[in-house]
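# Understanding the architecture of this molecule
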Amino acid sequence: DTDGNKAVTLLDARPVFQIAEQAFCIYFAFEWTVRYVAFDKKWNCFRDAWFIFDSLLVGMMVIETWVMTTVMLVMGGDGAVGLGNASILRMAR
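Counting restarts for each chain, with residues numbered from 1 along the sequence as it is written. pLDDT decides what is reported in this predicted model: residues at 70 or higher carry local features, side-chain atom pairs at 80 or more are listed and counted, and totals for whole chains, interfaces and linings draw on all residues regardless. Think of the side-chain values as coming from all heavy atoms in the structure, minus any hydrogens and water.

## Considering the overall build of the chain
Per the convention used, a helix needs a DSSP run of H or I reaching at least four residues, while a strand needs a run of E reaching at least two, with both numbered from the N terminus. From N to C terminus, the chain includes 3 helices and 0 strands. Sequence-ordered secondary structure for the chain, helices as α and strands as β, is α-α-α. Taken over 93 residues, the chain has a buried fraction of 22%. In this description, accessible areas are obtained by the Shrake-Rupley approach with a 1.4 Å probe, and a residue is regarded as covered only by the protein chains that are shown. Of the roughly 6,800 Å² of accessible surface on the chain, 69% is carried by carbon and sulfur atoms. Exposure categories follow from relative accessible area, calculated using a 1.4 Å probe and restricted to protein chains: below 20% of the type maximum is buried, above 50% is exposed, and the middle band is partly exposed.

If you want it as structure tokens, here you go:
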């Protein structure tokens, strides 16, 4: 992705990169859901440090892939409008 994708936002990327990003996001969100459902008592998920860590990673990925893309589409399609320097979220992830 970093070598071949020169686009600033997911909306500007070639279709192969968009499909790959969506596939990874769907896979990791599904994996998180399966792990969450596996807890007998749902409150125990807050005791599992790896689950909390994975929740943060999946949450950031969902925000970057689905939420920010939707916001950019609603705001007119230009990736730089209204979001400032949102690439800081990528570095945090």
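Don't stop here, the text continues.
## Looking at the side chain of Thr65
Of note, Thr65 is situated in helix H2 (residues 49–74). Assessed through its relative accessible area of 2%, Thr65 is described here as buried. If sequence neighbours within four positions are ignored, Thr65 has contacts with Leu10, Glu21, Gln22 and Cys25. Should any heavy atoms of two residues lie within 4.5 Å, those residues are considered in contact.

## A look at the pattern of salt bridges
Salt bridges, as used here, are contacts in which a Lys or Arg side-chain nitrogen is within 4 Å of a carboxyl oxygen on Asp or Glu. For the coordinates displayed, the defined rule picks out 2 salt bridges. Residues Arg35 and Asp54 are paired through a salt bridge, measuring 2.2 Å at the closest nitrogen-oxygen approach. Of this pair, Arg35 sits in helix H1 (residues 15–38) while Asp54 sits in helix H2, placing them 19 residues apart in sequence. You can call Asp54 partly exposed: its relative accessible area is 24%.

## Quick look at the packing of aromatic side chains
Two numbers describe a pair of aromatic rings. These are the distance of the centres and the angle of the planes. Working definition: rings of Phe, Tyr and Trp (its six-membered ring) pair if their centres are within 6.5 Å, and the pair is stacked with planes under 30 degrees apart, edge-to-face with planes over 60 apart, and tilted otherwise. Taken as a whole, this structure holds 8 aromatic pairs when the rule is applied. With a centroid separation of 5.4 Å and an interplanar angle of 25°, the aromatic rings of Trp32 and Phe51 are classed as stacked. Of this pair, Trp32 sits in helix H1 while Phe51 sits in helix H2, and the two are 19 residues apart along the sequence. By relative accessible area, Trp32 is classed as partly exposed at 28%. Note on Phe51: relative accessible area 3%, which makes it buried. Put simply, the rings of Trp32, Tyr36, Phe39 and Phe51 pair up and form one aromatic cluster. Each ring is checked for a lysine NZ or an arginine CZ that lies within 6 Å of its centre and within 35 degrees of its normal; such an atom marks a charge sitting over the ring. In this structure, Lys42 packs its charged tip against the face of Tyr36, placed 5.3 Å from the ring centre.

## Thoughts on the packing of H1 against H2
Convention adopted: a line fitted to C-alpha atoms gives each axis, helices being fitted over their contacting stretch, and angles between N-to-C directions are expressed from 0 to 180 degrees. Close contact between H1 and H2 brings their axes to 10 Å; oriented N to C, the two are set at 145°. Between H1 and H2 the crossing geometry is left-handed. Between H1, through Glu21, Gln22, Phe24, Cys25, Ile26, Phe28, Ala29, Trp32, Arg35 and Tyr36, and H2, the contact on the second element is made entirely by Trp50, Phe51, Asp54, Ser55, Val58, Met61, Val62, Thr65 and Trp66. Three classes are used: nonpolar for Ala, Val, Leu, Ile, Met, Phe, Trp, Tyr, Cys and Pro, charged for Asp, Glu, Lys and Arg, and polar for all others, with Gly counted as polar. By residue class, the composition of the contact of H1 with H2 is 13 nonpolar, 3 polar and 3 charged. Here a crossing is called left-handed whenever its near helix is offset anticlockwise from the far helix by less than a right angle, and right-handed whenever the offset is clockwise.

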